[in-house]
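Secondary and tertiary structure notes
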Amino acid sequence: MDALPPGTVTFFLTDVEGSTRRWEEHPDAMGAAMAMHDQLIGECLRTHRGHVVESGREGDSVLAVFSRAGDAVACALELQRRLAGMTWPEGADIRIRIALNTGAAELRGGHYYGQAVYRCARILATAHGGQVLVSQATSELVGDTLPQGAGLADLGFHHLKDLDRPERIFQLEHPELESNFPALRSQDAYRHNLPAAPSSFIDRPRELAQIKEALASSRMLTLTGPAGCGKTRLALQTAAGLVERHADGVWVAELGALQNPALVATTLLHRLGVPEEPGSAPSETLTAYLRTRQLVLILDDCEHLADAVAELAGRLLAAAAGLQLVATSRQALHVTGEATLRVPPMALAEAVALFSDRARAARPGLTLAGQEEVVAEICRRLDGIPLAVELAAARTNVMSAPEILQRLEDRFALLTTGPRTAAARHRTLQAAIDWSHELLGEPSRILFRRLAVFAGGFRLEAAEKVCGFGSLRESSVLDELGELVDQSLVQVYDTAAGTRYAMLDTVRAYGQGQLVAAGESEELAGRHAGYFLRVAEAEGPESAGWLQRLDVEEANLRAVFEGRPEAEVELRLAASLRGYWDARGHSAEGRARLTAALEREHPDPALRATALRGLAFMAWAQGDYAASTRACEEAMGLYRSLGDRAGEGMCLQQLGQISFQAGDFGRAREHLDAALALAEDIGDQRLVALCQFRSGVLALFAGGRAQARRLLEASLDSGRRQGNEPLVVAALLVLGHLELRQRRHARARARFSESLRAARRHSGPRQVATMLDGFAALAVAEGQAERALRLAAAADRLREEAAISPNSPFQRDVLERLRPARELLNAQGLRAADEAPLARDEAIAYALGEVTD
Ligand SMILES: Nc1ncnc2c1ncn2[C@@H]1O[C@H](COP(=O)(O)OP(=O)(O)OP(=O)(O)O)[C@@H](O)[C@H]1O
Ligand SMILES: [Mg+2]
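Given the structure is predicted, the values throughout are model-derived calculations rather than measurements.

Turning our attention to the overall build of the protein. Helix and strand content of the protein: 37 helices and 16 strands. Buried residues in the protein amount to 53% of all 853 residues. For the protein, contacts bridging at least 24 residues in sequence account for 73% of all contacts bridging at least 6. Counting every atom, the protein has about 36,500 Å² of accessible surface; 50% of that belongs to carbon and sulfur. Considering the protein, the positive charge centre built from 95 side chains and the negative charge centre built from 112 side chains are found 2 Å apart.

Attention shifts here to the domain arrangement of the protein. Segmenting the protein into domains produces domain 1 (7–187), domain 2 (205–342), domain 3 (348–438), domain 4 (442–531) and domain 5 (758–847). The C-alpha-based centres of domain 2 and domain 5 are spaced at 33 Å.

This next bit is on the pattern of salt bridges. A side chain of one charge can pair with a side chain of the opposite charge when the charged atoms of the two come close. Per the stated rule, a full pass over the model turns up 49 salt bridges. Residues Glu 377 and Arg 381 are paired through a salt bridge, measuring 3.4 Å at the closest nitrogen-oxygen approach. With a gap of 4 residues between them, Glu 377 and Arg 381 both fall in helix α12 (residues 372–381), about one helical turn apart. Here Arg 381 falls in the partly exposed class, since its relative accessible area comes to 21%. A salt bridge links Arg 640 to Glu 648; its shortest N-O distance comes to 2.9 Å. Here the salt bridges share partners, and the residues they tie into one network are Arg 271, Glu 554, Arg 558, Glu 562, Glu 589 and Arg 593.

Below, the discussion takes up the side chain of Glu 520. For Glu 520, the location among the structural elements is in the loop between α19 (505–517) and α20 (521–538). If sequence neighbours within four positions are ignored, Glu 520 has contacts with Arg 449, Arg 450 and Leu 515.

What follows is about the packing of helix α32 (residues 725–741) against helix α33 (residues 745–759). Two packed helices can be described by the angle between their axes and the distance between those axes. Where α32 meets α33, the axes come as close as 8 Å, and the angle between the chain directions of the two elements is 155 degrees. Considered as vectors, α32 and α33 are oriented roughly antiparallel to each other. Relative to α33, the crossing made by α32 is left-handed. Facing Glu 725, Val 729, Leu 732, Leu 733, Leu 735, Gly 736, His 737, Glu 739 and Leu 740 of α32, the residues of α33 in contact are His 745, Arg 747, Ala 748, Arg 751, Phe 752, Glu 754, Ser 755, Ala 758 and Ala 759. Looking at the contact of α32 with α33 residue by residue, the classes come out as 9 nonpolar, 4 polar and 5 charged.

Okay, the site of ligand 1 next. For ligand 1, the set of nearby residues contains 23 residues, the closest of which are Ile 202, Lys 231, Thr 232, Asp 301 and Glu 390. A distance of 2.7 Å separates a nitrogen atom of ligand 1 from a polar backbone atom of Ile 202. Burial of ligand 1 by the surrounding chains reaches 96%, relative to a free accessible area of 630 Å². Among the elements of the structure, α7 (231–242), α11 (348–362) and α13 (386–393) are those that each provide at least two residues to the shell around ligand 1. Residue composition of the shell around ligand 1, grouped by class: 10 nonpolar, 6 polar and 7 charged.

Glancing now at the nonpolar core. Phe 355, Ile 378, Leu 382, Leu 451, Phe 454, Phe 458 and Leu 577 are the most contacted members of the largest nonpolar core, which totals 108 residues. Ranked by residues supplied to this core, first place goes to helix α26 (residues 605–621) with 10 residues. Once residues lying within four places of it in the same chain are set aside, the contact partners of Leu 451 are Phe 458, Ala 463, Cys 467, Leu 481, Leu 484, Val 490 and Met 503. In this structure, Phe 660, Leu 732, Met 771 and Val 814 belong to the second largest nonpolar core, which totals 50 residues.

On to the packing of aromatic side chains, then. On inspection of all chains with the given rule, the structure shows 14 aromatic pairs. Arranged with centres 6.3 Å apart and planes meeting at 45 degrees, the rings of Phe 448 and Tyr 510 form a pair that is tilted. With Phe 448 in helix α16 (residues 442–451) and Tyr 510 in helix α19, the pair connects residues that are 62 residues apart, well separated along the chain. Residue Tyr 510 is classed as buried on the basis of its relative accessible area, which comes to 12%. Aromatic rings pair up to connect Phe 454, Phe 458, Tyr 501, Tyr 531 and Phe 532 into one cluster. Note that Arg 293 overlies the ring of Tyr 289, its terminal NZ or CZ placed 4.0 Å from the centroid.

Time to look at unusual backbone geometry. Trans is the common state for peptide bonds, and a negative phi is the common state for residues other than glycine. In this structure, Asp 301 takes a positive phi of about 60 degrees despite not being glycine. By secondary structure assignment, the location of Asp 301 is in the loop between β12 (295–300) and α10 (306–319). Look at Asp 301 and you get buried, because its relative accessible area is 10%.

Turning our attention to the pairing of strand β8 (residues 167–173). As a general feature of sheets, a regular strand has side chains that alternate between the two faces. Most of β8 is tucked away: 7 of the 7 residues are buried. Every second residue of β8 is oriented toward a common face, with Glu 167, Ile 169, Gln 171 and Glu 173 on one face and Arg 168, Phe 170 and Leu 172 on the other, all of them buried. Relative to β8, strand β6 (residues 132–135) runs antiparallel, the two being bridged by 3 bridges. Residue pairing for β8: Val 134 is matched across the bridge by Phe 170.

To continue, consider helix α14 (residues 401–412). The end-to-end C-alpha distance of α14 is 16 Å, a good match for the 16 Å that 12 residues give at a rise of 1.5 Å each. Those residues of α14 that sit buried are Ala 401, Ile 404, Leu 405, Leu 408 and Phe 412. When α14 is viewed along its axis, its buried side chains cluster within an angular range of 100 degrees and face the same direction.

This part takes up the sheet that holds strand β14 (residues 338–342). Overall, parallel pairing links the 5 strands, which are arranged β11-β12-β13-β10-β14 in an open sheet. Of all the strands in the sheet, the pair left with one neighbour each is β11 (250–254) and β14. Put simply, the sheet's adjacent strands are angled 15 degrees from each other on average, direction ignored. Here strand β10 (residues 220–224) runs beside β14; their pairing, made up of 5 bridges, is parallel. Following the sheet pairing, Thr 222 is matched in β14 by Thr 340. Lying over the sheet, helix α6 (residues 205–217) contacts β10, β13 (323–328) and β14, oriented at roughly 150 degrees with respect to β10.

Quick notes on the rules
Residues numbered from 1 in each chain as written. Chains lettered and ligands numbered in written order. Predicted model: local features only at pLDDT ≥ 70, side-chain atom pairs only at ≥ 80, totals over all residues. Heavy atoms only, no water. Helix = DSSP H or I, 4+ residues; strand = E, 2+ residues; numbered from the N terminus. Buried < 20%, exposed > 50% of the residue type's maximum accessible area, 1.4 Å probe, protein only. Contact = heavy atoms within 4.5 Å. Areas by Shrake-Rupley, 256 points an atom, 1.4 Å probe, with all protein chains shown as cover. Lys, Arg positive; Asp, Glu negative; His and termini not counted. Charge placed at Lys NZ, Arg CZ, Asp CG, Glu CD. Domains from an automatic or database assignment. Salt bridge = Lys/Arg side-chain N within 4 Å of Asp/Glu carboxyl O. Axes fitted to C-alpha atoms, helices over the stretch in contact; angles between N-to-C directions. Parallel < 35°, antiparallel > 145°, perpendicular 65-115°, else oblique. Left-handed = near helix turned anticlockwise from the far one by under 90°. Nonpolar A, V, L, I, M, F, W, Y, C, P; charged D, E, K, R; others polar. Near = heavy atom within 4 Å. Polar contact = N/O pair within 3.5 Å; in protein donor to acceptor, adjacent residues only side chain to side chain. Core = buried A, V, L, I, M, F, W, Y, C linked by side-chain atoms within 4.5 Å. Phe/Tyr/Trp six-rings, centres within 6.5 Å; stacked < 30°, edge-to-face > 60°. Lys NZ or Arg CZ within 6 Å of the ring centre and 35° of its normal. Pairing = 2+ DSSP bridges. Expected span 1.5 Å × (residues − 1). Arc of directions from axis to C-beta.

Take a look at the structure:
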């Protein structure tokens, strides 16, 4: 056997799920299966340069180490793929779980000692059979070297048994791996959306203690103070300490990049992951959502939206007793009950600590010994403003501390007189930014001002495409960006969506001034709009990751709309985001954007028709059927004048859907018949299948079961042939209900199960809740009262969490049929009624019979 590698290695730990029980029940089969398992692991380890650690072996567990993290991940992937394809002996269809962690360990006598191995074992303990979990350390090393088609899904931070530091855990994903697992078996899963800190935090014990004290007695605290003094950082640091104390966690909404005060409530909904509720204002949905929760909401950088934030905050606090708000703003917001705390600049010792920390980061190995007085003088000159201190410290990569002081003194000669008021500090900060900016080379300066066009951060690729033109080549953007990061003018964040960059607001505002002065702002706005239009149009909701990519770009997308780009760009962007807005439940914002874009002049009728259909869809989702019909009819008129029959057919079926939802079954029938005839006429098979589905649902209400069955089965067959998964899922669900009405329970279960399995991964709360209702109705029919109640309660919880109400005749009908059962059960006061309802994934597993209690 090869020698085991010393130093920093990646640990690869596996075990077999539920092996004890299997050994007891099927010892022979397990013996054979384990021999197959051992052989397969041996092969995979050899292929990927892994080394088995014999002494780590315990039961069916295997410990191996890799010199390269990428090899370990590739090995885990191959192993799970091959295991999934094996035929196991009866009673021994084994599933293994794998955990990977990287770290230093001491190798003695063929055994590794240290935290890293231990942590790996703790991560493994949270995993499920078939799953591969990767620690943050390993995920960072793997970076871009993931095997083809593989990805890492961020499962968030988890507390592990006996370990203080929570671990951020990732799940290895690949189209051939299973990916739907119940929640990790960790001590807890944090509920928060706090960003990972971009740099180390310098303790400010006085301010942190004051904040804590203020939060003990008021439900709203605003941290005020001049730009760059550390309000945001203090709020986030405080928030991190609160996560565990609030059942529903801590959530941050970054408002710095938001321009439109009308969108404050919408932004908060989006940050909390709550869809907009059809027919009610976002602020009402938000209030309803928060009413029953225990959570902390951080409203960061509010000063430019002070009135809107104050008004909303007042309403939320009045309605939601378990809510606590922490705002940061240069001025107080004047909300009743608001406590304010003025964040002063850093104390000298803190500023010195910050300078030293950032100086060492800029120039590793640097010692400032003997220069304490110089550093202290620099910090005094900068008024202890953290942002100014960071900018100066970044210069230590090319200047000594005395040189920095000298330059600052020259520069600030005029600034250091007079009282140290907020306005004076603001001038200090501006001068510090100015100084930092002037020391940049010309290409960095060009990039700096151009980057100010981005709102809410950007990816490298966006910077290259938007800012790399003219005298700044696309290929040099990376180098210049590195320079700006080194100078602390741009911050780097590791996020679940990859590396992102952003400027602090004050710095960005300065950059925007430079952009205007250079006469480039219009050109940049155009390039920015063009880039995000390409991002939005490149793919649709069916491609993996599209929604997540748009989620992180929300502020940029809004900036495009609010910058009023060319009419055509605006309309195309709005039209292409329809699927995004729908999937995220952002129908109010979508509708407003589409409406605004459609009000402008457009030469292209086909584009206009697409946008109108989008508008019809958004209005439909909000239950505004009249507006929806108007938009759809206008779109249909345009298609007709263009001779676009496929477009006309889509409008007809959409009109059918609108009428059905509005309860006008006669109209719905007319539209759907016309749509079907047209689709058959032009041979558009996807449209035929869609019309059959809609007509099938309609037939359940206003037709006959035989007709419904024929249509639904036809649409299911076509959907399968065409690989149209959403249609298949929907048709199976409705067919399940049809079987149920005909008392064919086994068939109903088969349909529901197939539908739910297919929908499990991608479906939103509305769809999953409807499916759980189906299972509940089945349980009622089978006389399993308690099961029915649990499923129905889980469906209600999903709807309640997402603040959605059932809005189709179909959903209402299912609920109606469940009602007598619920009333009966509640009257009997069954135990299930007192239990906390199952969460989404648990409920799915329960519905599918994967778990029995
Ligand atoms: N206690 C701290 N430890 C480490 N870095 C800090 C600390 N406080 C502030 N900083 C750094 O200083 C810079 C400015 O801080 P921050 O963004 O929190 O200021 P702010 O008061 O929110 O400014 P603005 O009014 O512009 O929003 C940031 O880069 C931040 O990381
Ligand atoms: Mg701030």
